[in-house]
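Chain and residue survey
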Amino acid sequence: MREQRIGILALQETHLSEEYVHDIHKLYGRRLFVINSADPQRPTASAGVAFILNREITNTADIEVVELIPGRALLLFSTWHKSKKFSILNVYAPNDYTKHPEFWRELSSPWANNHLPKPDFMLGDFNLVEDPIDRSPPHTDPIPATDALRDARLTLDVVDAWRTDNGNDRTYTYMSARSHFSRIDRIYARRSHLTTIRDWQICQSIVPTDHKLTSIRFAPTDAPQIGSGRWTWPLGLLNDNTLLGQVEALGICLIQAMRSAKDTRTATANPQRLWEEFKQAITNIAKKYAKTSMAKLTHRLRALQAELKQTQNDPSFDDSVDLRKHAMLLE
């Protein structure tokens, strides 16, 4: 969340108890705020949904949470840019298709009966797809389950944002051991928000999981301008001996120059000025070194991503076991 500047992270199948949440706050409470909804019957054994808020870039003071279905559906209201509010519905749907109709009816009833404000976003692990294109090999899920999801989606007035943006392209968020692919992790949004959603990413998470991390950047037209922030040293270079050797050599020169300037201090030769010049020098070295040392890695990653996209959108992908195995290898 820190490195990718994720403001709000929605998790499903968390298996979190209140004791675990307390431990997280004890260790990382200055940076993270956890809102968890556990399965009341087995909090650490099944289900569970949670929101993780990044305190460094997200308002955590004016939030409101509604637990719609314990362990399965959690609604978050948050405030941004003074008094403007938005809401996110975090969903973890059942694995059993036969339970979907009841689940979606129960989920949508607060909006149908209590006039609850409709969410700006509905996202999570739906364990279901609406269209065969989101599975490979393609097949339709049980009609009662998909109809129940569509009815709930129409009640909440949200659409599949990624499919709207990407037409008939194919990508997947879950891969089974049998070379089966599916896009069961999705983000739905109000139609009015579609023009303010950008920077789609469906990528592997740093945390080992069999689901991909799906993320977007929500940037309303009247949002305040936020810069890129302060430059920091690339973490991947902290243990690079070649780079550290250059920094060490500059540090030795810095110490010698400071000793010389101790007795002959001038406006240009003094510890403060020398220390500033040293920091600027190692910053320039790190930036230049990062470009050359990480360029090959970046190029290789982009090539793999392009090959994966081309493989998944191959017309014979659904009928070819070899292509699906190749996609698994690329993953």
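Residues numbered from 1 in each chain as written. Predicted model: local features only at pLDDT ≥ 70, side-chain atom pairs only at ≥ 80, totals over all residues. Heavy atoms only, no water.

Some words on helix α5 (residues 241–263)
Inclusion rule: Numbered from the N terminus, helices here are DSSP runs of H or I no shorter than four residues, and strands are runs of E no shorter than two. Expected helix span is given by 1.5 Å per residue-to-residue step, counting one fewer step than there are residues. With a 1.4 Å probe rolled over the protein chains alone, any residue whose accessible area is under 20% of its type maximum counts as buried; one over 50% counts as exposed, and the rest are partly exposed. Every residue pair with non-hydrogen atoms within 4.5 Å of one another is taken to be in contact. N or O atoms within 3.5 Å of each other form a polar contact, as long as, within protein, one can give a hydrogen and the other can take it, and as long as residues adjacent in sequence are counted only when both atoms are side-chain atoms.
Across its 23 residues, α5 extends 34 Å between first and last C-alpha, which sits within 8% of the 33 Å expected from 1.5 Å per residue. Among the residues making up α5, those that are buried are Leu243, Val247, Gly251, Leu254 and Ala261. Turning to α5, the residues buried within the fold contact α6 (271–312). The N-capping residue of α5, defined by a side-chain oxygen 3.1 Å from the backbone nitrogen of Thr242, is Asp240.

So, the pairing of strand β12 (residues 185–189)
Note the cut-off: Pairing between two strands requires that DSSP report at least two bridges joining them.
Burial analysis of β12 places five of its five residues in the buried class, the great majority of the element. Going residue by residue along β12, you find Asp185, Ile187 and Ala189 tucked away on one face and Arg186 and Tyr188 tucked away on the opposite face as well. Bridge analysis of strand β7 (residues 121–125) against β12 gives five bridges, and the strand direction is antiparallel. Along β12, the bridge assignment pairs Asp125 with Asp185. Of the pairings in the sheet, the one linking strand β9 (residues 159–160) to β12 comprises two bridges and is antiparallel in character. Looking at the pairing, Val159 lines up with Ala189 of β12.

Looking at the sheet that holds strand β1 (residues 8–12)
Condition: Fitting a line to C-alpha atoms yields each axis, with helices limited to the stretch in contact; the angle taken between N-to-C directions then spans 0 to 180 degrees.
Reading across the sheet, the three strands line up as β1-β3-β2 and stay open at both edges, with antiparallel pairing between neighbours. On the outer flanks of this sheet lie β1 and β2 (32–37), each paired with one strand and no other. Along the sheet, successive strands turn relative to each other by an average axial angle of 15 degrees, direction set aside. The pairing of β1 with strand β3 (residues 49–54) spans five bridges and is antiparallel. Directly across from Leu9, in β3, lies its bridge partner Ile52.

Some details on the pattern of salt bridges
This is how the line gets drawn: In the sections that follow, a salt bridge refers to a side-chain nitrogen of Lys or Arg positioned within 4 Å of a carboxyl oxygen of Asp or Glu.
A full pass over the atoms with the stated rule returns 12 salt bridges. Through salt bridges with shared partners, a single network forms among Glu130, Asp131, Arg150 and Arg153.

Quick notes on the domain arrangement of the protein chain
How big an interface is tends to be reported as the loss of accessible area on association of its parts. Definition in use: Domain limits in this description derive from either an automatic procedure or a database domain assignment.
Partitioning the protein chain into structural domains gives domain 1 (8–218) and domain 2 (235–311). Its C-alpha centre places domain 1 at a distance of 41 Å from the equivalent point of domain 2.

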